[in-house]
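Take a look at the letters that make up each chain.
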Amino acid sequence: MEREAGYIKRAKDLDVYRHAYGVSLDVHKATLVFPKMEQYALADQMWRSSKAICANLAEGFAKQTHSRPEFARFISMAMGSCSEVETWISYAFDLGYITHAQHDEWLQSYVHIYGMLVNLRKKLK
């Protein structure tokens, strides 16, 4: 996978997990200042989709001892969440809730995370 073979004992050891986790924390913190009406709408969607990447990696990684295809399926779900959060980031920018710099930084991060997920899924085949 990533790192030296055999030393990855849990999903948290994956580079893609650590990267996605860090960006999801940034997204969560930044959206705490969204208007109150958006806390249960746009901000909540951003929290859920950004965190779902890590959650799917963790669940799929745990199941890979029984089924590598099952892990690949969870990676695909993480890829879907990655694409979803990119959509919410665009909404947040277009509504004026995040800066152009945040928009670009987050989108660039999620494009990178998506690529990492694609590569990880390829390694399972």
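Only a predicted model underlies this, so the values are computations on that prediction, with no experimental measurement involved.

Caption draft 1: Quick look at the packing of aromatic side chains. Counted under the stated rule, the structure contains four aromatic pairs. Plain terms: the ring middles of Y17 and Y21 are 6.1 Å apart, the flat faces sit at 15° to each other, and that makes the pair stacked. One end of the pair, Y17, and the other, Y21, are both in helix α1 (residues 15-31), four residues apart, so they sit about a helical turn from each other. With a centroid separation of 5.8 Å and 35° between ring planes, the pair formed by W88 and Y91 is classed as tilted. On the criterion of helical spacing, the pair formed by W88 and Y91 is a turn pair, its members being three residues apart in helix α4 (residues 68-94).

Caption draft 2: Highlighting α1. Over its 17 residues, α1 extends 24 Å from the first C-alpha to the last, a length consistent with the 24 Å expected when each residue adds 1.5 Å. Residues of α1 that are buried: V16, Y17, A20, V23, S24, V27, A30 and T31. All buried residues of α1 fall inside an arc of 160° around its axis, so they share one side. Looking at the buried residues of α1, the elements they touch are α2 (36-39), α3 (42-63) and α5 (100-123).

Caption draft 3: Up close: the packing of α4 against α5. Interhelical geometry of α4 versus α5 gives an angle of 165° and a closest axis separation of 10 Å. What the angle tells us is that α4 and α5 run roughly antiparallel. In this structure, α4 crosses over α5, and the sense of that crossing is left-handed. The residue inventory of the contact of α4 with α5, partitioned by class, reads 18 nonpolar, five polar and four charged.

Conventions adopted
- Residues numbered from 1 in each chain as written.
- Predicted model: local features only at pLDDT ≥ 70, side-chain atom pairs only at ≥ 80, totals over all residues.
- Heavy atoms only, no water.
- Phe/Tyr/Trp six-rings, centres within 6.5 Å; stacked < 30°, edge-to-face > 60°.
- Helix = DSSP H or I, 4+ residues; strand = E, 2+ residues; numbered from the N terminus.
- Expected span 1.5 Å × (residues − 1).
- Buried < 20%, exposed > 50% of the residue type's maximum accessible area, 1.4 Å probe, protein only.
- Arc of directions from axis to C-beta.
- Contact = heavy atoms within 4.5 Å.
- Axes fitted to C-alpha atoms, helices over the stretch in contact; angles between N-to-C directions.
- Parallel < 35°, antiparallel > 145°, perpendicular 65-115°, else oblique.
- Left-handed = near helix turned anticlockwise from the far one by under 90°.
- Nonpolar A, V, L, I, M, F, W, Y, C, P; charged D, E, K, R; others polar.

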